[in-house]
Amino acid sequence: MSDEISGAVQTSFLPARRMLERLELAREDSDPAYFLELMYLGEMLVKILVVELLAGMNDDRERHRYALEYRLLRADGIGEWASILDEAVQGTASQYLADSVKDSQRSLTVNCSPDDSGWQRAAINSLHRACKEIDASVEDIHSRRSNLRAWVRTFVWLRNRTRGHGATKTDRLSAACPELHKSLTLVLSNSPAFHRPWAFLKRNLSGKYRVSSFGGDQDKFSYLKRDREQSLPDGVYVFIDSPNRTPLLFSDPDLTDFFLPNGGFRKQAFEALSYITDERREQDGSAYMLPVEALPASETAAAPDLDVVGNVFTNMPPRRHGYVKRAALEEELITRLTDNRHPVVTLQGRGGIGKTSLALEVLHQLSMNNNAFAIIWFSARDIDLLAEGPRVVRADVLTVEDIARDFAAMMRPGENLKSKEALTYITECLSGAASNGPFVFVVDNFETIRGQAELYAFLSNAVRLPNKVLITTRTRDFKADYPIEVRGMAREEFADLVSDTASRLGINNLLDEAYRDDLFDESGGHPYIAKVMLGEVASAGRKISVKRVVASKDTMLDALFERSYAALTPVAQRVFLTLCSWRSIVPRIGLEAVLLRPANERMDVERGLTELEQSSLIETVLDEADDGEFLSVPLAASLFGKKKLVTSPLKIAVDADLQLIKGFGAMTSTDLGQGLGRRIDRLARAIAQRAESGVDITQELAVIEYIASEYPPAWLTLAELQRDYVGSVEDAVQSVNRYLESNPNDEDAWRRVISLHRAKSDSLAEMHARLQLAEIATLPLSELSAAASRLNGLLFRKEIDLDADEKRLVIRKFRSLIEARADEANANELSTLAWLCIYERDFTAASRWVSAGLEQDPENSYCLKMKSRLASEAE
């Protein structure tokens, strides 16, 4: 018999290896302890078999996988796991198993004859013999066909017989252990589930993944260590053609332990058990609150059949009640849906902002024209945002196949086209190859589609004008479409919405103008938040704080932002949480500088900001004073982010970032127009105070330096800090020079660098700077003469090292500059000019300038000395 049949353990699956180590310790202890540990190992194996199958089950609109997971979290014993395994491999849900997990399905369902030599039959027989040792009355199975599903049910019987229903004699346990061990290790060594690649994935801020492998071929996940384009939530994955999330197996990046659901579901949480350490912990179960049967259709679900509306056939829902006209957006959308240039149009904006209502309004207007044969509506909406709060609903479509089947059923009822035939048919209609058309295809709530990239690629590749595709979505990760961003309502539109809603609720008398303005400012013109707020006012019978109400509406915040937040990369989440942690407008360059300072992990902040803008989670405002960009987060999104930050592992890092960001000072929109410079000055004062208190300011200086790379005046701020608080004149010189590279005509900066060069006794650099200043600006003649006098002194004391050509060039430049303004010069300045002439051996000119000086002031000591010097030279 081979090693596999004999029960030799062959597995790279880390949780099982750790259980086997625990098993060996128990075997050395006692047979009852050994048997108990074998039971724990068996329970873990059964649960892993189920978890792997569910990871390989595709989502569908009936939510079969969710229904099984919902039951597992409430399972009161291993028996329910066995029942769910049966449904996963042979029930209705089994049709949604991916092809690449069918080997696991076959290993569980293949029927083995009594004389079969395969591992499944060996495992079944060994387990049966173990059961016979416990209870001799167990029915003999040696003459029957059986499969691994029966093995699972038999294990459940053994577990309940020995652990759940009274004590078993020690000698029977001892006799059962060898066969039970053999059976379990056969399953462990041969089941596909334990040979697949498993890993815990954690995305770093760089966008790459930390891959902690704990089973199978580790190379399968290795591309994630290099690829920044994937977007996978942190957690445990099993590789089944691609990384598949396993939401019911829990670990951490260090693989310190492994947990599986253990029932006890209550108050949105369930118990998770480690069979390795016996540790129990509570896991969040809020995503599994509603049974599948409790989900109604969405308010904007498509009608099952086509009807005539206006001049078109359509299945779209009616206009939304209480819709307020948004003229500019309506005009733009109608234009794009009727032009001959853009086959794919996208309405993008955050949740509840009015994308669906806008689309329905425009489509109903369009139905009155003769531009389309049919408007076909597909709804992927799984949450309705009602005035009384968000409600989970049933999505109409989730996949390309769902869309194709529904379309074919409407257009060709009774034909029951197969999946491939339906795809071919919808492709013909999109491309214009079908006899009817043109069509407008609408996919509402695109972000909930499974395989968004696949569906978008299909639609954009197949559609041909005059057919059109309209998408509504919170996030937009695709290109080649025409995007229309839906932001908060304009003030006039918002005022109409508030008035209409308040009239319907009978609360117009409670809303003064100041409260309406406050509601607009705090909500950012968000229509859904406004409706919820007005509902609260109606319930309370008085005005209530916008911020307090929004903060208390956890379900509303989750409905509006959870999906968008979960889809963000780690760096985008880091940026978002940082912005949410302080209710202030923040300079974009300042935020980038803080996050990219040396103390932080390298990250692509620009990409993170782009993601947040595309998800409408942040807003960008331009300061007209210096074209600087400032970032803000709408109130509701900010409150959601603060809630997320409480439990986020990024909290410590965000708090450290926030200390620096607060140095810019709190800002509101009314502060815009003061320019970025004022913010930087405030930050510099805060840094100076930290330095004076003895705190190291290396990181703060790095922040200023990054800002300076985009906003050059910050180089001067940095130079001041470097000189006064670091004591590095050399660094200060470099910073001023960096500023002058982009602002070479700034006279004050040249004077500053001259002072710095003189402080560090760099005479050559000092004179170069003085000459540059003299050439770019019309200096007071006294300043120009002082520079030349400084050069004379340096040359006389031999404190400057110039070769003959350099010396001649510098002197000639100063001489020409002063001579051009000699008529303004006083006697002292003319004596300086004479010195320059002497250095050039032009004694005639020197005499002329000395004479001119003495004419102004016959007693001038400098001119008299120079006259004596010239007389000596003449002799």
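Scoring rules and cut-offs
- Residues numbered from 1 in each chain as written.
- Predicted model: local features only at pLDDT ≥ 70, side-chain atom pairs only at ≥ 80, totals over all residues.
- Heavy atoms only, no water.
- Helix = DSSP H or I, 4+ residues; strand = E, 2+ residues; numbered from the N terminus.
- Buried < 20%, exposed > 50% of the residue type's maximum accessible area, 1.4 Å probe, protein only.
- Contact = heavy atoms within 4.5 Å.
- Areas by Shrake-Rupley, 256 points an atom, 1.4 Å probe, with all protein chains shown as cover.
- Lys, Arg positive; Asp, Glu negative; His and termini not counted.
- Charge placed at Lys NZ, Arg CZ, Asp CG, Glu CD.
- Core = buried A, V, L, I, M, F, W, Y, C linked by side-chain atoms within 4.5 Å.
- 1 Å grid on protein atoms, 1.4 Å probe; cavity = no way out; pocket = protein on both sides within 12 Å on 5 of 7 lines; lining within 4 Å.
- Points joined across faces, edges and corners; volume = space filled by probe spheres on them.
- Nonpolar A, V, L, I, M, F, W, Y, C, P; charged D, E, K, R; others polar.
- Salt bridge = Lys/Arg side-chain N within 4 Å of Asp/Glu carboxyl O.
- Phe/Tyr/Trp six-rings, centres within 6.5 Å; stacked < 30°, edge-to-face > 60°.
- Lys NZ or Arg CZ within 6 Å of the ring centre and 35° of its normal.
- Patch = residues over 30% accessible without salt bridge, like charges linked within 9 Å, V, L, I, M, F, W, Y side chains within 5 Å.
- Axes fitted to C-alpha atoms, helices over the stretch in contact; angles between N-to-C directions.
- Parallel < 35°, antiparallel > 145°, perpendicular 65-115°, else oblique.
- Left-handed = near helix turned anticlockwise from the far one by under 90°.
- Pairing = 2+ DSSP bridges.
- Disulfide = S-S within 2.5 Å.
- Expected span 1.5 Å × (residues − 1).
- pLDDT = per-residue confidence, 0-100.

1. Re the overall build of the protein
Part 1 of the reasoning: Secondary structure summary: the protein contains 35 helices and 19 strands in total.
Part 2 of the reasoning: Dimensions along the principal axes, computed over C-alpha positions, put the protein at roughly 140 × 80 × 60 Å.
Part 3 of the reasoning: By residue count, 53% of the 875 residues in the protein fall in the buried class.
Part 4 of the reasoning: In the protein, 67% of the contacts between residues at least 6 apart in sequence involve partners at least 24 apart.
Part 5 of the reasoning: As presented, the protein carries roughly 38,800 Å² of accessible surface, and 47% of it is formed by carbon and sulfur atoms.
Part 6 of the reasoning: Taken together, the 108 basic and 130 acidic charged side chains of the protein have centroids lying 3 Å from each other.

2. Comments concerning unusual backbone geometry
Part 1 of the reasoning: Across the junction of leucine 465 and proline 466, the peptide omega takes the value 10°, indicating a cis bond.
Part 2 of the reasoning: Looking at the element boundaries, proline 466 is found in the loop between α14 (452-462) and β15 (468-473).
Part 3 of the reasoning: Phi angles above zero are rare outside glycine, and arginine 63 is one such case at about 60°.
Part 4 of the reasoning: Along the chain, the position of arginine 63 falls in the loop between α3 (31-55) and α4 (64-73).

3. With respect to the nonpolar core
Part 1 of the reasoning: Counting 135 residues, the largest nonpolar core has Met533, Val550, Val575, Phe576, Leu591, Ile707 and Phe814 as the members making the most contacts within it.
Part 2 of the reasoning: Judged by nonpolar contacts, the second largest core, of 86 residues, contains Leu20, Leu54, Ala122 and Leu127.

4. Here's the deal with the environment of phenylalanine 494
Part 1 of the reasoning: With respect to the helices and strands, phenylalanine 494 occurs in helix α15 (residues 491-505).
Part 2 of the reasoning: Once the C-alpha coordinates of phenylalanine 494 and leucine 740 are considered, the two residues, 246 residues apart in sequence, prove to be 49 Å apart.

5. Describing the layout of surface pockets
Part 1 of the reasoning: Within this model, the second largest pocket holds a volume of roughly 760 Å³.
Part 2 of the reasoning: Around the second largest pocket, the lining comprises 32 residues; the ones closest to its centre are Arg320, Ser357, Leu385, Tyr528 and Lys531.
Part 3 of the reasoning: If you list the elements that add at least two residues to the lining of the second largest pocket, you get α11 (355-367), β12 (383-386), α15 and α17 (527-540).
Part 4 of the reasoning: Here the residues of the lining of the second largest pocket sort into 11 nonpolar, 11 polar and 10 charged.

6. Remarks on the pattern of salt bridges
Part 1 of the reasoning: Considering all chains together, one arrives at 63 salt bridges under this definition.
Part 2 of the reasoning: The salt bridge partner of arginine 161 is aspartate 135, with a shortest N-O separation of 3.8 Å. Within this pair, whereas arginine 161 is found in helix α8 (residues 148-164), its partner aspartate 135 is found in the loop between α7 (119-134) and α8, the two being separated by 26 residues in sequence.
Part 3 of the reasoning: A relative accessible area of 24% places arginine 161 in the partly exposed class.

7. Regarding the packing of aromatic side chains
Between two aromatic rings, the relevant description is the distance of the centres plus the angle of the planes.
Part 1 of the reasoning: The final tally for this structure, using the stated rule, is 24 aromatic pairs.
Part 2 of the reasoning: Aromatic side chains phenylalanine 13 and phenylalanine 214 sit 5.9 Å apart centroid to centroid with 50° between the ring planes, which places their arrangement in the tilted category. With phenylalanine 13 in the loop between α1 (3-6) and α2 (14-29) and phenylalanine 214 in strand β2 (residues 209-215), the pair connects residues that are 201 residues apart, well separated along the chain. Considered together, phenylalanine 13 and phenylalanine 214 belong to a single accessibility category, that of buried residues.
Part 3 of the reasoning: Between phenylalanine 561 and phenylalanine 640 the ring centres are 5.7 Å apart and the planes differ by 45°, which places this aromatic pair in the tilted class. Of the two residues, phenylalanine 561 is situated in helix α19 (residues 554-566) and phenylalanine 640 in helix α23 (residues 635-647); the sequence distance between them amounts to 79 residues.
Part 4 of the reasoning: Accessibility expressed as a relative area gives 0% for phenylalanine 640, which makes it buried.
Part 5 of the reasoning: Here the aromatic residues Phe313, Phe373, Phe378, Phe407, Tyr425, Phe439 and Phe441 are joined through ring pairs into a cluster of three or more.
Part 6 of the reasoning: For arginine 63, the ring lying beneath its charged end belongs to tyrosine 66, and the centroid distance is 4.0 Å.
Part 7 of the reasoning: Sitting over the face of the ring of tryptophan 849, arginine 848 holds its NZ or CZ atom 5.0 Å from the ring centroid.

8. Describing a nonpolar patch on the surface
Part 1 of the reasoning: Together, Met289, Leu290 and Val392 make up a nonpolar patch on the protein surface, roughly 210 Å² of accessible area in all.
Part 2 of the reasoning: Mapped onto the elements, methionine 289 comes out in the loop between β7 (280-284) and β8 (307-309).
Part 3 of the reasoning: On the accessibility criterion, methionine 289 (34% relative accessible area) is partly exposed.

9. Structural notes on the packing of helix α31 (residues 781-796) against helix α32 (residues 804-819)
Part 1 of the reasoning: The interhelical angle for the contact between α31 and α32, taken along N-to-C directions, is 155°, at an axis separation of 10 Å. One element, α31, and the other, α32, form an angle in the roughly antiparallel class. As for the relative orientation of α31 and α32, their crossing is left-handed in sense. Facing Leu781, Leu784, Ser785, Ala787, Ala788, Leu791 and Leu795 of α31, the residues of α32 in contact are Lys807, Val810, Ile811, Phe814, Leu817 and Ile818.

10. Side note on the sheet that holds strand β9 (residues 312-314)
Part 1 of the reasoning: With mixed pairing, the seven strands of this open sheet are ordered in space as β8-β9-β11-β14-β15-β10-β16. Across the chains shown, the open sheet's two edge strands, defined by having one partner strand only, are β8 and β16 (482-485). Strand after strand, the sheet turns through a mean of 25° between neighbouring axes, direction not considered.
Part 2 of the reasoning: Judged from the four bridges that link them, strand β10 (residues 344-348) and β16 form a sheet pairing that is parallel.

11. Comments concerning the sheet that holds strand β18 (residues 619-623)
Part 1 of the reasoning: With antiparallel pairing, the three strands of this open sheet are ordered in space as β17-β19-β18. Strand pairing shows two members of the sheet lacking a second neighbour, β17 (586-587) and β18, which therefore form its edges.
Part 2 of the reasoning: Of the strand pairs in this sheet, β18 and strand β19 (residues 628-632) are connected by five bridges, and their pairing is antiparallel. Bridge pairing in β19 places glutamate 619 opposite serine 632.

12. A few points about the state of the cysteines
Part 1 of the reasoning: Applying the stated criterion across every chain yields a total of zero disulfides.
Part 2 of the reasoning: The thiol of cysteine 131 is unpaired, and the distance to the nearest cysteine sulfur, on cysteine 177, comes to 13 Å.

13. Observations regarding the environment of alanine 684
Part 1 of the reasoning: Within the secondary structure layout, alanine 684 lies in helix α25 (residues 676-692).
Part 2 of the reasoning: In sequence terms alanine 684 and leucine 658 are 26 residues apart; their C-alpha atoms lie 15 Å from each other.
Part 3 of the reasoning: If near-sequence neighbours (up to four positions away) are discounted, alanine 684 is found in contact with Thr717 and Leu721.

14. Notes on empty space enclosed by the protein
Part 1 of the reasoning: Enumeration according to the criterion identifies seven cavities of 30 Å³ or more in this entry.
Part 2 of the reasoning: Roughly 70 Å³ of internal volume is contained in the largest cavity.
Part 3 of the reasoning: Around the largest cavity, the lining residues are Arg203, Leu205, Ser206, Gly207, Arg228, Thr569, Val571, Asp604 and Arg607.
Part 4 of the reasoning: Residues of the lining of the largest cavity, tallied by class, amount to two nonpolar, three polar and four charged.
Part 5 of the reasoning: Quantified by volume, the second largest cavity comes out at close to 40 Å³.
Part 6 of the reasoning: Elements that contribute at least two residues to the lining of the second largest cavity include exactly α30 (763-776) and α31.
Part 7 of the reasoning: Its residues placed into classes, the lining of the second largest cavity shows seven nonpolar, no polar and two charged.

15. Some details on α7
Part 1 of the reasoning: Between its terminal C-alpha atoms α7 stretches 23 Å, which fits the 22 Å expected from 16 residues at 1.5 Å a residue.
Part 2 of the reasoning: Counting buried residues along α7, 13 of its 16 residues qualify, which places the element largely inside the surrounding structure.

16. Focus: the side chain of threonine 578
Part 1 of the reasoning: With respect to the element layout, threonine 578 can be found in helix α20 (residues 570-580).
Part 2 of the reasoning: Sequence-distant contacts of threonine 578, that is, excluding residues within four places in its chain, are made with Leu591, Leu595, Val654, Asp657 and Ile661.

17. Structural notes on α31
Part 1 of the reasoning: The terminal C-alpha atoms of α31, which comprises 16 residues, lie 22 Å apart, in line with the 22 Å expected from a rise of 1.5 Å per residue.
Part 2 of the reasoning: Along its buried surface, α31 packs onto α29 (747-759), α30, α32 and α33 (827-839).
Part 3 of the reasoning: At the C-terminal side of α31, lysine 798 shows a positive phi close to 55°.

18. Remarks on the pairing of β19
Part 1 of the reasoning: Counting buried residues along β19, four of its five residues qualify, which places the element largely inside the surrounding structure.
Part 2 of the reasoning: One ladder, built from two bridges, connects β17 with β19; its direction is antiparallel. For valine 586, the partnering residue across the bridge sits in β19 and is leucine 631.

19. Digging into the confidence of the model for the protein
Part 1 of the reasoning: Across the protein, the average pLDDT comes to 88, with 97% of residues at or above 70.
Part 2 of the reasoning: The model gives residues 1-8 a pLDDT under 50, and that stretch makes 19 contacts with residues more than four places away or in other chains.

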